[in-house]
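What the coordinates show
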Amino acid sequence: MERWPWPSGGAWLLVAARALLQLLRADLRLGRPLLAALALLAALDWLCQRLLPPPAALAVLAAAGWIALSRLARPLRLPVATRAVLITGCDSGFGKETAKKLDAMGFTVLATVLELNSPGALELRACCSPRLRLLQMDLTKPADISRALEFTKAHTTSTGLWGLVNNAGFNEVVADVELSPVATFRNCMEVNFFGALELTKGLLPLLRHSKGRIVTVGSPAGDMPYPCLAAYGTSKAAMALLMDIFSCELLPWGIKVSVIQPGCFKTESVRNVSQWEQRKQLLLANLPPELLQAYGEDYIEHLHGQFLHSLGLALPDLSPVVDAITDALLAAQPRRRYYPGRGLGLMYFIHYYLPEGLRRRFLQNFFINPCLPRALRPSHPGPKPAQDTPQDPNPNPNPSPGAAR
């Protein structure tokens, strides 16, 4: 088959010069992603020369190059100047590390903690500048939220409030829905949804005035049905949907809304194995006898062991989440969703594009692989894997989204 003539050397020089100019303007970081993108573009160029006429080939290459540059270029950042940010849940984890970084960048940070004398609060006092202000707040107490609103107004009269970071989160049980007391659903909703909703609504007048940002730390458990995380996951799903609604409704006011969906990171609550052990014992002690007989104590012990194993593979470096929060606050065009963490791309690909049965098996094998409840076992007392789920003797759990921050 006769091929169309390809552009001459002079035309290619012009194309190369324009590409170089775009690279310089894009402020790209030289590293593996850029080298991989250039290699893929070279392969695409080779294919286009052989399969497409020149006009179509140039259009394809131009579109591919634009996509690569837009993905790899460092986003335009706004100056910190005198911006003020309120961050909830700064006793530990993402909240504490974000408060430290934003304070070092020059932000005025208003950090809420459960206890003013907690180790995290004392650390923030010791290592941060006088600009950082600590405030005790429990999101389950309306009086605390009202006090936080007044505190924020009083400390942002000269600067205004640029951003709210809804970071505080709570999870107290890892078990099947039937085994989880209804009170645990209410407790998760009080902290992860209703408390954050009340605080966000109260700060909207300040955020409308500054055309600022709302950043909420969510969880992949709010996007997909993780086994044994129903109470936590449903509260996070409600919060993510609320933020999507806010994103649409607040767009005319200039407020940008982002949700961070992190993988499993080694925060203080993840490292606190004794706390999870206490919660498991409390769950066992309060189970109705008929449920304990039907499921068996070894069933709950099996779930608990697999959950702790997944937490043991958590990432120790919290900076990807802190960087995502910072970008959502300062990027000229922040993303609506951020996914910091290992393996999240694969997890979401499987969730959105593979059949339901494969999605379920993936979550079971890479998070908690359930065994049969006692009442369903033929005759053997020991736990057996569920019949529709292949046993994996050495599971490599995907990022666990079930620990509070």
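Residue indices begin from 1 for each chain and proceed along its sequence in written order. Residue-level local features of this predicted model are given only where pLDDT is at least 70; pairs of side-chain atoms are given and counted only at 80 or more, and the full residue set underlies all totals for whole chains, interfaces and linings. The side-chain values count all of the structure's non-hydrogen atoms but skip hydrogen atoms and water molecules.

**Points about the pattern of salt bridges**
For this analysis, a salt bridge means a side-chain nitrogen from Lys or Arg found within 4 Å of a carboxyl oxygen belonging to Asp or Glu. If you walk through the whole model with that rule in mind, you get 16 salt bridges. Between Lys-100 and Glu-97 there is a salt bridge whose closest N-O contact spans 3.6 Å. On the criterion of helical spacing, the pair formed by Lys-100 and Glu-97 is a turn pair, its members being three residues apart in helix H4 (residues 93-105). Residues Arg-271 and Glu-268 are paired through a salt bridge, measuring 3.9 Å at the closest nitrogen-oxygen approach. A helix here means a DSSP run of H or I that spans at least four residues, while a strand means a run of E at least two residues long, and both kinds are numbered starting from the N terminus.

**Some thoughts on the pairing of strand S3 (residues 133-136)**
Looking at chain direction, strand S2 (residues 108-113) and S3 are connected through four bridges and run parallel. Following the sheet pairing, Leu-110 is matched in S3 by Arg-133. Handedness of the β-α-β unit built from S2, helix H5 (residues 119-127) and S3 comes out right-handed. Here, a strand pair is defined by DSSP locating no fewer than two bridges between the strands. Orienting the strands away from the viewer, one traces the path from the first strand over the helix to the second; a clockwise path indicates a right-handed crossover.

**What to know about the packing of H4 against helix H13 (residues 319-330)**
Two numbers describe how H4 lies on H13: the axes approach to 9 Å, and their chain directions differ by 55°. One way to sum up the angle between H4 and H13 is to call them oblique. In this structure, H4 meets H13 at a crossing whose hand is right-handed. Where H4 abuts H13, its residues Phe-94, Glu-97, Thr-98, Lys-101, Leu-102 and Met-105 lie against Val-321, Val-322, Asp-323, Ile-325, Thr-326, Leu-329 and Leu-330. Its residues assigned to classes, the contact of H4 with H13 shows eight nonpolar, two polar and three charged. Every axis in this analysis is a line fitted to C-alpha atoms, fitted for helices over the stretch in contact. Angles between the N-to-C directions lie between 0 and 180 degrees. Roughly parallel means an angle under 35 degrees; roughly antiparallel means over 145; roughly perpendicular covers 65 to 115; every other angle is labelled oblique. Handedness of a crossing is defined here by the sense of rotation of the near helix relative to the far one, left-handed for an anticlockwise turn of less than a right angle and right-handed for a clockwise turn. It only takes one pair of heavy atoms within 4.5 Å for two residues to be counted as in contact. Under the convention adopted here, Pro, Cys and the residues Ala, Val, Leu, Ile, Met, Phe, Trp and Tyr are nonpolar, Asp, Glu, Lys and Arg are charged, and Gly plus all remaining residues are polar.

**Digging into unusual backbone geometry**
Positive phi outside glycine occurs at Lys-211, with the angle close to 55°. Among the secondary structure elements, Lys-211 is positioned in the loop between helix H7 (182-210) and strand S5 (213-217). Positioned with a positive phi, Cys-228 is a non-glycine residue whose angle comes to about 70°. Along the chain, Cys-228 turns up in the loop between S5 and helix H8 (230-249).

**Considering the packing of H7 against H8**
Contact geometry of H7 with H8 gives a least axis separation of 7 Å together with a crossing angle of 20°. Judged on the interaxial angle alone, H8 and H7 are roughly parallel. Classified by chirality, the crossing of H8 by H7 is right-handed. Between H7 and H8, the contacting residues are Thr-184, Phe-185, Cys-188, Met-189, Asn-192, Phe-193, Ala-196, Leu-197, Thr-200, Lys-201 and Leu-204 on the first element and Ala-230, Ala-231, Tyr-232, Thr-234, Ser-235, Lys-236, Ala-238, Met-239, Leu-242 and Phe-246 on the second. Counted by class, the contact of H7 with H8 contains 14 nonpolar, five polar and two charged residues.

**Some points on the confidence of the model for the protein**
In the predicted model, the protein carries a mean pLDDT of 86, and 84% of its residues have values of at least 70. Think of pLDDT as the predictor's per-residue confidence, scored from 0 to 100. Considering only residues more than four positions removed or in separate chains, one finds that residues 1-10, a stretch of pLDDT under 50, has 13 contacts.

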